Amino acid sequence: MSDILNAALKGNDGLLRAAQIRAAQADDTAAIAKKAVNTTQIEAAAKQFESVFIAEMLKPMFQEVNTPDPMFGGGKGEEIFNGMMVDQYGRMLADRGGIGIAEKVRSELLRLQEEQANDNG
């Protein structure tokens, strides 16, 4: 009887170990998925930062070049439209490769994330 009990316990021990391994693999998979989500968010944030930076650099140029016609232009509506147009130019330039700021921001954010993960783990 004790042999059967020992065999059953050994069987359960094996099942327990298998369950622990599966749980550890699930945790690893979740960590990888979380890192991928963070990487995607970091990519988006870096590109958005670059687009805002480019737009801010373009604003003075458009203030001088795109002066309103006193006969038909001007007013708050045109000011708002010009700001939105410059923002879109910044987004388009960043989407088409930008000026290299997004890559630097991305690498710095990833480095900070790895440091934080090492400090917590």
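Details of the structure are given in the entry above.
For clarity, every value in this text was computed on a predicted model and none was experimentally measured. (Residues numbered from 1 in each chain as written. Predicted model: local features only at pLDDT ≥ 70, side-chain atom pairs only at ≥ 80, totals over all residues. Heavy atoms only, no water.)

1. Some details on helix α3 (residues 101–120)
Taking 1.5 Å of rise per residue, 20 residues should cover 28 Å, and α3 covers 29 Å from first to last C-alpha, within 8% of that figure. Buried within α3 are the following residues: I101, A102, R106, L110 and Q113. Angularly, the buried residues of α3 cover 155° about the axis, an arc narrow enough to put them on a single face. Turned more than 90 degrees away from the buried face of α3, the exposed residues are K104, N118 and D119. (Helix = DSSP H or I, 4+ residues; strand = E, 2+ residues; numbered from the N terminus. Expected span 1.5 Å × (residues − 1). Buried < 20%, exposed > 50% of the residue type's maximum accessible area, 1.4 Å probe, protein only. Arc of directions from axis to C-beta.)

2. A look at the packing of aromatic side chains
Following the criterion strictly, the structure yields one aromatic pair and no others. With 5.5 Å between their ring centres and 25° between their planes, F62 and Y89 make a pair best called stacked. Of this pair, F62 sits in helix α1 (residues 2–65) while Y89 sits in helix α2 (residues 75–95), and the two are 27 residues apart along the sequence. Look at F62 and you get buried, because its relative accessible area is 19%. Here Y89 falls in the partly exposed class, since its relative accessible area comes to 33%. (Phe/Tyr/Trp six-rings, centres within 6.5 Å; stacked < 30°, edge-to-face > 60°.)

3. Overview of the nonpolar core
Membership of the largest hydrophobic core is limited to seven residues, which are I54, A55, L58, F62, M85, V86 and A94. When contributions to this core are tallied by element, the ones reaching two or more residues are α1 and α2. With four residues, the top contributor of residues to this core is α1. (Core = buried A, V, L, I, M, F, W, Y, C linked by side-chain atoms within 4.5 Å.)

4. Examining the pattern of salt bridges
A side chain of one charge can pair with a side chain of the opposite charge if their charged atoms are brought near each other. With the rule as written, the count across this model stands at five salt bridges. A salt bridge links E56 to K59; its shortest N-O distance comes to 3.0 Å. Residue E56 and its partner K59 are both found in helix α1; the two are separated by three residues, about one turn of the helix. Here E56 falls in the partly exposed class, since its relative accessible area comes to 41%. When its relative accessible area of 29% is taken as the criterion, K59 is described as partly exposed. The salt bridge involving R111 is made with E115; its shortest N-O contact spans 2.3 Å. Highlighted residues: R111 and E115, both in helix α3, separated by four residues, approximately one helical turn. Exposure remark for R111: the relative accessible area of 36% places this residue in the partly exposed category. A single network of salt bridges, built from pairs that share partners, joins E43, E103 and R106. (Salt bridge = Lys/Arg side-chain N within 4 Å of Asp/Glu carboxyl O.)

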